[in-house]
Amino acid sequence: SELPRRHINLFAKIPEAEFLAAAASLKASLPASSQEEILAGVMKLIASIGDSHTALGYWPRRLFPLMVYWYDDGLWIRNTLPEYREILNCRITAVEGRSIEDVIPALADLIPHENHSQVRGLLPGLLADPSLLHGLKVIPRPGAARFTVRDAAGVERTADLRAASFSGQPAWIEDPNAADSGLLYLKNRRQDYWFEILGGSATLYFQYNSCRETPGRPFAAFVGGMFAAAEEAGANRVVVDLRLNGGGNSEVFRPFIDALKSRPAFNRRGNVFVLIGRRTFSSALMNAVDLKKETAAILAGEPTGGKPNHFGEIQRFRLPGSGLFVSYSTKYFKQVDGDPASLEPEVRVAVNFADHRSSRDPVLEAVLALNR
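These notes cover the structure that comes with them. (Residues numbered from 1 in each chain as written. Predicted model: local features only at pLDDT ≥ 70, side-chain atom pairs only at ≥ 80, totals over all residues. Heavy atoms only, no water.)

Overview of the sheet that holds strand β16 (residues 325–333)
Applied cut-off: A pair of strands counts as paired when DSSP detects no fewer than two bridges linking them. Helix numbering and strand numbering both begin at the N terminus, where a helix is a DSSP run of H or I of at least 4 residues and a strand a DSSP run of E of at least 2. In this analysis, axes come from line fits to C-alpha atoms, helices being fitted only over the stretch in contact, and the angle between any two N-to-C directions falls in the range 0 to 180 degrees.
What the three strands build is an open sheet, ordered β1-β16-β15; its pairing is antiparallel. Only two strands of the sheet have a single partner each, and these edge strands are β1 (55–57) and β15 (310–318). With direction set aside, neighbouring strand axes in the sheet form an average angle of 35 degrees. The pairing of β15 with β16 spans eight bridges and is classified as antiparallel.

Structure follows, in structure tokens:
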């Protein structure tokens, strides 16, 4: 009852009759459903709206000890606990004997998304959630599951994982707070914004991780100091990395665009590159669109998780039974002509698990190699 009343246009992508019928069916099923089935059902209903800003505010209490990333060559386990060491750096091929190709669509139905990049960004987290896997009947028990994996040499093995609480500090094999073996874009990922002059390439590397002003570090002053340092070092190219930016306030970024436009030595075709990806979302996506429209920027990486023309400006309300919050959109943003699902890069770069293992960043390497 609340989403149709509050959302700016809830039925833009799903017919009202279809949504109401699905809601009625879910309600009728509640007495015979487990808590996990109800959770999955509510998530699926909200996801069916097709608005990535309208979602259930759910965070699991227990998880399987898996840190997974979806590379172009599959879903690979980048971290786990020592007792499951044998599956580290392996690709997941099945869950409880069900192929990963069959599991993916079931989990994708729970994700509010408007493109495949958003699914690739969020699905690995759901794959570690025993409640959702059990609610979808992928696993028979909510606390344990058998995962089948294959290593880089093609050797297949299985592991029986137990769900655990991660409220404390688990003893991961790899330190999740480390800078990931020298990968530059993961070096300061908890800072809102930072820069580095890349020696030997006359390039200013600027990473913008959150669309917000860091307290005590005004963004406009940061931008002025950054360009001053770049000019002093003789840099004439700039790489703007938005791959980890999930949004915030799009107006914070304006001083950078204005500063770039006032510097013709930088703002030339082949001298400005913007790195985008599955986590480039909401206000960060809007910043990428503005850079493409107003500057000489070349976009590189993978399609964005955010959709250029999208609903947003969220508000929330609480569901009285579960106590969970639901976010919903109150505004529509029209950024580009047509209605593309993602902002597409001009330079599409594949990233495989072997790149991560060898501490390579093919996206950054690709743009640094252009026009050189």
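Moving on from the model shown.
Considering the pattern of salt bridges
Short version of the rule: Each reported salt bridge corresponds to a side-chain nitrogen of Lys or Arg within 4 Å of a carboxyl oxygen of Asp or Glu. Burial status follows relative accessibility: with a 1.4 Å probe on protein chains alone, a residue under 20% of its type maximum counts as buried, one over 50% as exposed, and anything between as partly exposed.
By the definition in use, this model includes 23 salt bridges. We note a salt bridge from Arg120 to Asp72, for which the minimum N-O separation is 2.8 Å. Highlighted residues: Arg120 in helix α5 (residues 116–127) and Asp72 in the loop between β3 (67–71) and β4 (74–79), separated in sequence by 48 residues. The exposure class of Arg120 is buried, given its relative accessible area of 10%. Taking relative accessible area as the criterion, Asp72 reaches 34% and is therefore assigned partly exposed. In this structure, the salt-bridge partner of Asp72 is Arg348, at a minimum N-O distance of 4.0 Å. Remark: Arg348 occurs in strand β17 (residues 347–348) and Asp72 occurs in the loop between β3 and β4; sequence separation between them is 276 residues.

Quick look at unusual backbone geometry
Despite not being glycine, Glu313 shows a phi value in the positive range, around 55 degrees. Mapped onto the elements of the fold, Glu313 is located in strand β15. Within the chain, Ser359 stands out as a residue other than glycine whose phi angle is a positive 55 degrees. Along the chain, Ser359 falls in the loop between α10 (353–357) and α11 (362–369).

Remarks on α11
To keep it simple, the criterion reads: Only heavy atoms matter for contacts: two residues are in contact if any of them lie within 4.5 Å across the pair.
Where α11 is concerned, the buried positions are Pro362, Val363, Leu364 and Val367. Looking at the buried positions of α11, the neighbouring elements they touch are β11 (203–208), β12 (237–241), β13 (272–276), β14 (298–301) and α10.

Some thoughts on the packing of aromatic side chains
Applied cut-off: Each Phe, Tyr or Trp ring, with Trp reduced to its six-membered ring, pairs with another whose centre is within 6.5 Å; inter-plane angles below 30 degrees give stacked pairs, above 60 give edge-to-face pairs, and intermediate values give tilted ones. In this analysis the charged atom, NZ for Lys or CZ for Arg, is taken to sit over a ring once it is within 6 Å of the ring centre and within 35 degrees of the ring normal.
All chains considered together, the criterion is met by 25 aromatic pairs. Between Tyr69 and Tyr71, the aromatic rings sit 4.7 Å apart at their centres with planes inclined by 55 degrees, giving tilted as the arrangement. By relative accessible area, Tyr69 is classed as partly exposed at 26%. Exposure remark for Tyr71: the relative accessible area of 3% places this residue in the buried category. An aromatic cluster of three or more residues is present, and its members are Tyr193, Phe195, Phe206, Tyr208, Phe219, Phe222, Phe227, Phe253, Phe256 and Phe266. Arg316 extends its terminal NZ or CZ atom over the ring of Phe325, reaching a point 4.0 Å from the ring centre.

With respect to the sheet that holds β13
Read across the sheet, six strands follow the order β10-β11-β12-β13-β14-β17 without closing on themselves; strand pairing throughout is mixed. Of all strands in the sheet, those bounded by a partner on one side alone are β10 (193–198) and β17.

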